[in-house]
Amino acid sequence: MRPRIRKTVLVVHVIAAVALLGEVWALVVLNTAATLAEEPELAHAAYRLMPFLVFAGGIPLSLTALATGVTLGLSSHWGVFRHSWVAAKLVLILGVICLGAFLFDPVGMAAATAGGRGVATDRQWGQVAVPAAQLVMLVTATALSVFKPRRRIPRTRGDHPQ
Ligand code: HEM
């Protein structure tokens, strides 16, 4: 890949990955505010706003970070399964996407708090825990990206050196 294109892909990768970290942080704050809110209406409003952050932020940013990351890996000496820090990031971003897809439920929380109804606090703290776990995974991925630990993934027999 020509250096200018590669640098452009890297810029898009870093912006998407770190913006995703910021979006997830905002979800931790919004969910904590909804859990601690005295008025159920405020919690309901917060849960109704979260899907905007997810569909305009979380989903496109995580898919962009994944696609540009794999492109950077395949177009460089880093590879995708050659160095543990890149392979670890692939596992981390897929984990972030799965947590968001299967455990994060702002729509269900909005329905449960409609009409000023309260909802079980432990269920609300569960919705704080999901983006909090995503945050830890993205901070880990960012640190791995900067420190790039030198551990290579051992090649299997028949895996021809480049
Ligand atoms: C989990 C979310 C991710 C975050 C927060 C993240 C963050 C970053 C950051 C900050 C850099 C720049 C590092 C530097 O230049 O010092 C970087 C570079 C890189 N990332 Fe990611 N990344 C993520 C996911 C991925 C994935 C899933 C892959 C591939 C499967 C990947 C592959 C790469 C590669 C190969 C580079 C090195 C580019 C280079 O300098 O040649 N990243 N990433």
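Residues numbered from 1 in each chain as written. Predicted model: local features only at pLDDT ≥ 70, side-chain atom pairs only at ≥ 80, totals over all residues. Heavy atoms only, no water.

Colleague: Please set out the overall build of the protein residue by residue, giving values where relevant.
Modeller: Of the regular secondary structure elements, the protein holds five helices and zero strands. If you list the helices and strands of the protein from N to C, you get α-α-α-α-α. Across its three principal directions, the C-alpha atoms of the protein cover 65 × 35 × 25 Å. Considering the protein as a whole, with its 162 residues, one finds that 37% of them fall into the buried category. (Helix = DSSP H or I, 4+ residues; strand = E, 2+ residues; numbered from the N terminus. Buried < 20%, exposed > 50% of the residue type's maximum accessible area, 1.4 Å probe, protein only.)

Colleague: Hey, could you go over the coordination of the iron atom of the ligand for me, with residue numbers and the actual values?
Modeller: Surrounding the iron atom of the ligand are the protein donor atoms His13 (NE2) and Lys89 (NZ), at 1.9 to 2.0 Å. Considering all six donor atoms around the iron atom of the ligand, angles at the metal cover 86 to 176 degrees and the coordination shape is octahedral. Note that His13 is positioned in helix H1 (residues 3-36) and Lys89 in helix H3 (residues 84-102), a separation of 76 residues in sequence. Residue classification places His13 among the buried positions, given a relative accessible area of 12%. What makes Lys89 buried here is its relative accessible area of 17%. (Donors = N, O, S within 2.8 Å, 3.2 Å for Na, K, Ca; no water. Tetrahedral: all angles 85-135°; square planar, octahedral: opposite > 155°, others 65-115°.)

Colleague: Lay out H1 in plain terms, naming residues and giving numbers.
Modeller: Over its 34 residues, H1 extends 49 Å from the first C-alpha to the last, a length consistent with the 50 Å expected when each residue adds 1.5 Å. Every buried residue of H1 is listed here: Val9, His13, Ala16, Leu20, Leu21, Glu23, Val24, Leu27, Val28, Asn31, Ala34 and Thr35. On its buried face, H1 is in contact with helix H2 (40-74), H3 and helix H5 (121-147). (Expected span 1.5 Å × (residues − 1). Contact = heavy atoms within 4.5 Å.)

Colleague: If you had to explain the side chain of Thr113 to someone new, which residues and values would you point to?
Modeller: Mapped onto the secondary structure, Thr113 falls in the loop between helix H4 (106-112) and H5. With residues near it in sequence (within four places) discarded, Thr113 still touches His44, Tyr47 and Val119.

Colleague: Requested: an account of the environment of Arg2, with residues and values cited.
Modeller: Looking at where Arg2 falls in the secondary structure, it is placed in the segment before H1. With a relative accessible area of 61%, Arg2 lands in the exposed category. Along the chain, Arg2 and Ser75 lie 73 residues apart, while their C-alpha atoms are 9.8 Å from each other.

Colleague: Describe the site of the ligand, listing the residues and the values that go with them.
Modeller: Around the ligand sit 20 residues in total, of which Arg6, His13, Lys89, Ser145 and Lys148 are the nearest. One nitrogen or oxygen atom from the side chain of Arg6 is found 2.3 Å from an oxygen atom belonging to the ligand. Contacts to the ligand include Lys148, whose side-chain N or O atom sits 3.1 Å from an oxygen atom. At the level of elements, H1, H2, H3 and H5 are the ones that each hand at least two residues to the shell around the ligand. Of the residues that constitute the shell around the ligand, the class distribution is 12 nonpolar, five polar and three charged. (Near = heavy atom within 4 Å. Polar contact = N/O pair within 3.5 Å; in protein donor to acceptor, adjacent residues only side chain to side chain. Nonpolar A, V, L, I, M, F, W, Y, C, P; charged D, E, K, R; others polar.)

Colleague: Pulling in residues and values, what's your account of the nonpolar core?
Modeller: Leu20, Val24, Leu92, Val96 and Leu138 are the most contacted members of the largest nonpolar core, which has 15 residues in total. Of all the elements in the fold, those that place two or more residues in this core are H1, H3 and H5. Dropping the residues within four chain positions of it, Leu92 is found in contact with Met137, Thr140, Ala141 and Leu144. If you look at the next biggest cluster of nonpolar residues, it comprises 13 residues, including Leu27, Ala43, Phe104 and Ala110. (Core = buried A, V, L, I, M, F, W, Y, C linked by side-chain atoms within 4.5 Å.)

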